[in-house]
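# Fold and contact review
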Amino acid sequence: MESETALKISNYKCFGDDPQGFSRILALNLIIGRNNSGKSALLDLVQFAITPLDLAAHARLGMDPEVHMTLALTDDWVRRVFDSHTSGGGIPGPNHLHFGLTLQGSSLTLRKLWKEKRPLYELVETSAKYPNEASDYFHQKLPNHTPDPFVGCRFRRLDAERDIRREAESTPLDVGSSGAGMTNLVRAFLTHTELDRDIVERTMLDDLNSIMRPDASYSRIDALKAPDGHWEIFLNEEGKGRIGLSASGSGLKTVLLVLAYLRLIPLLEKAKLSDYVFAFEELENNLHPALQRRLLRFIMKQIVDASSTCFIATHSPVIIDMFGSEPSAQILHVLPGGASASVEPIATQGKGFEVLDDLGVRASDILQANGVVWVEGISDRILIRRWFELICQELGKQPPVEGSEYVFVEYGGSCLSHYQYCSDYTADLEEALASVMPALSLSRNHFVVMDSDRSSADGPLTATKDRVIAEAAHTWVTAGRTVENYLPDQVQADLLGRALGRFELMTDCKANIDKKAFAEKAAAVLPEDGWKTLDLEERVVELLDAIAAWND
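Just so you know, the residues in each chain are numbered from 1, in the order the chain's sequence is written. Only residues with pLDDT of 70 or above have their local features reported here, since the model is predicted, and side-chain atom pairs are shown and tallied only from 80 upward, although totals for entire chains, interfaces and linings are computed over all residues. Only hydrogens and water are set aside when side-chain values are computed; all heavy atoms of the structure are taken into account.

## Points about the overall build of the chain
Numbering of helices and strands runs from the N terminus; a helix is a DSSP stretch of H or I covering at least four residues, while a strand is a stretch of E covering at least two. Looking only at helices and strands, one finds 17 helices and 21 strands in the chain. For the chain, the C-alpha atoms occupy an extent of roughly 85 × 80 × 50 Å along the three principal directions. Partly exposed describes any residue whose relative accessible area lies between the buried limit of under 20% and the exposed limit of over 50%, with all areas from a 1.4 Å probe on protein chains only and scaled to the type maximum. In the chain, buried positions account for 49% of the 552 residues. Here, Shrake-Rupley sampling with a 1.4 Å probe gives the accessible areas, and only protein chains in the shown set may cover a residue. Here the chain has roughly 25,800 Å² of accessible surface; of this, 48% comes from carbon and sulfur atoms. For the purpose of counting charges, residues Lys and Arg are taken to be positive, whereas Asp and Glu are taken to be negative. His and the chain ends are not included. Working definition for charges: the position is that of NZ of Lys, CZ of Arg, CG of Asp or CD of Glu. Distance from the positive charge centre (56 side chains) to the negative charge centre (79 side chains) of the chain: 4 Å.

## So, the pattern of salt bridges
If charged atoms from side chains of opposite charge come close, those side chains can pair. Definition used for salt bridges: Asp or Glu carboxyl oxygen within 4 Å of a side-chain nitrogen of Lys or Arg. Here the structure, examined in full by the defined rule, presents 35 salt bridges. Measuring nitrogen to oxygen at the nearest pair gives 2.9 Å for the salt bridge that ties Asp 75 to Arg 79. One end of the pair, Asp 75, and the other, Arg 79, are both in helix H2 (residues 75-79), four residues apart, so they sit about a helical turn from each other. Linking Asp 215 and Arg 294 is a salt bridge whose minimum nitrogen-to-oxygen distance equals 2.3 Å. Residue Asp 215 is located in the loop between helix H6 (198-212) and strand S9 (218-225), and its partner Arg 294 is located in helix H8 (residues 289-306); the two are separated by 79 residues in the primary sequence. Of the residues examined, Asp 215 reaches a relative accessible area of 44% and is grouped as partly exposed. Overlapping salt bridges, with partners in common, bring together Lys 13, Asp 44, Arg 157, Asp 159 and Glu 281 in one network.

## Let's talk about the confidence of the model for the chain
One number per residue, pLDDT, summarises how confident the predictor is, and it ranges from 0 to 100. Counting all residues, the mean pLDDT for the chain is 88, and 90% of those residues have values of 70 or more. Note that pLDDT drops below 50 for residues 363-367; the model gives that stretch five contacts with residues more than four away or on any other chain. Overall, residues 425-435 carries pLDDT values under 50, and its contacts beyond four positions in sequence, including any with other chains, amount to seven contacts. Residue contacts follow a heavy-atom distance rule, with two residues in contact if any of their heavy atoms lie within 4.5 Å.

## Structural notes on helix H7 (residues 250-268)
A bend of about 40° at Ala 260 is the largest found in H7. Burial runs high along H7: 16 of the 19 residues are buried. Phi for Lys 270, located one or two positions after H7, is positive at around 55°. Think of it this way: the bend at a residue is just the angle between two axes, each fitted to seven residues, one set ending at that residue and the other starting at it.

## Here's the deal with the pairing of strand S17 (residues 407-410)
Sheet topology places strand S16 (residues 372-375) next to S17; four bridges connect them, and they run parallel. When the bridges of S17 are listed, Val 372 appears paired with Val 407. Seen with the strands pointing away from the viewer, any crossover whose path from the first strand over the helix to the second strand runs clockwise is right-handed. The handedness of the S16 to S17 crossover, carried by helix H12 (residues 378-395), is right-handed. In short, DSSP must find at least two bridges between two strands for them to pair.

## Describing the sheet that holds strand S5 (residues 107-115)
Strand pairing in a sheet relies on backbone hydrogen bonds. The paired strands run either parallel or antiparallel. With antiparallel pairing, five strands are arranged side by side in an open sheet as S2-S1-S4-S5-S6. The sheet is open, and its two edges are formed by strand S2 (20-22) and strand S6 (118-126), each paired on a single side. Going from strand to strand, the sheet's axes swing by 30° on average, the running direction of each strand aside. Looking at chain direction, S5 and S6 are connected through eight bridges and run antiparallel. Bridge pairing in S6 links Trp 114 to Pro 119. Here helix H1 (residues 39-50) sits on the sheet and contacts strand S1 (6-10), S2, strand S4 (66-72) and S5; the angle it forms with S2, its principal contact strand, is near 65°. To obtain each axis, a line is fitted to C-alpha atoms, and for helices this fit is confined to the stretch in contact; angles are then taken between N-to-C directions over 0 to 180 degrees.

## Quick look at unusual backbone geometry
Put simply, Thr 171 and Pro 172 share a cis peptide bond, and its omega is -5°. Following the sequence through the fold, Pro 172 ends up in the loop between strand S8 (167-168) and helix H5 (182-191). Between Arg 213 and the following residue, Pro 214, the backbone shows a cis peptide bond with an omega angle of 10°. Secondary-structure assignment places Pro 214 in the loop between H6 and S9. With a phi angle near 55°, Asn 11 is a residue other than glycine that sits in the positive phi range. Relative to the helices and strands, Asn 11 resides in the loop between S1 and S2. What makes Asn 11 buried here is its relative accessible area of 9%.

Structure representation (structure tokens):
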């Protein structure tokens, strides 16, 4: 469920009388902030939007909490309220529907209440201009026909304090927000004929391994009964044998609980994943950053593929890097103000830096970006990005995301001599390189792309290139003279008048070439097999593999 509906709350916990919350709802909604900043209060807001929840116990300064929804008046909404066969009564136009249609796009802010477990809506304000004679439409009819996107949704929440424990056999089957009932649910799926045990033995096991590898790998999930009558979940870990979940870490339990919510609960309730709105608190607890990333990627894929919705409250900086440019995700920063907390979307890198400051994360704590691809100039970046797209299309996978999974940095030709790419130097070398800038301070993960600048196949490389090859973990020296020599002959001929020789420069064909403009034109006309020249495929795949390893 993605919706432009705004959902906000006031006078609740840390939030004052200025409503705070979500200006829109996307597939993945990440709420980040310090401990006790108000992240859980926003999950309470989502829960209230879907199902009755008593907010009064956490009212602020004696004021009643209020939940507001702001929606745009749509054609369908108008037609369900304004009658085309009714006219007059002080309402302008040939009929009431004609007048109603002029109001499309107007915003309505409604107060959402619950009465006998049914939602009730009251108008708070609207941008629509209407005569007094139409007030009944706005205060009675329109609210009672509200196209609430949360109606019919199923809410599932996983608390920050959670565990999976040995349990006695019991009914009804369910998993609570603390993890209670998980063992009993897995037992039922493995032993009841009316439930599909393959979901646990195959689907969940495959999901678990996709998230946990390479840190751990499992061959089997079991539920076994102890002499005291309690059941326990066991995992067969490769190289370690069968291990009870009670003897395992809480990070593994978190992963299994998420899988139960996404795989088992919908089957148990005979519902579709798209029916659910999930709220997860602090999934990062006891998960190292690489495992956090794998778990979050898994959640993201399941939620987006199923058109479901997920809210994650966290204080992990990992998500800023992962989802800052993801179109189906938004990051919201909860700011603990003096009198009242506020919520601010993170839409720019600068705002992301503010979050890190708020969380007390220093640049030296993060150490590095995920990885840096060093290139001579902007034209190399343009062409390599296009080769990424073409080769990934051939391989059936998504290209890596620039800006989060890797970044390009230009070193500008001869400026390469001013960078060093290793940290282990002999004393003599340290002295010799005293004026060289340490590239590792930007990122320990780096891949350096260099034009060979050779005029023939057996031409020597410069001393700088030899040094960088010896220092850097990954290097790519072009098989031709420059990166542009990898372009197919036909592309070269169309743009330069003739094809380049392997060790020719573009200026040998045309003088005063704008390399950026040339690269943009070449990238636009590259054929689907425009990477099958010289050693280009091998080098680009090597670079893609390096980026994947940086983000594992």
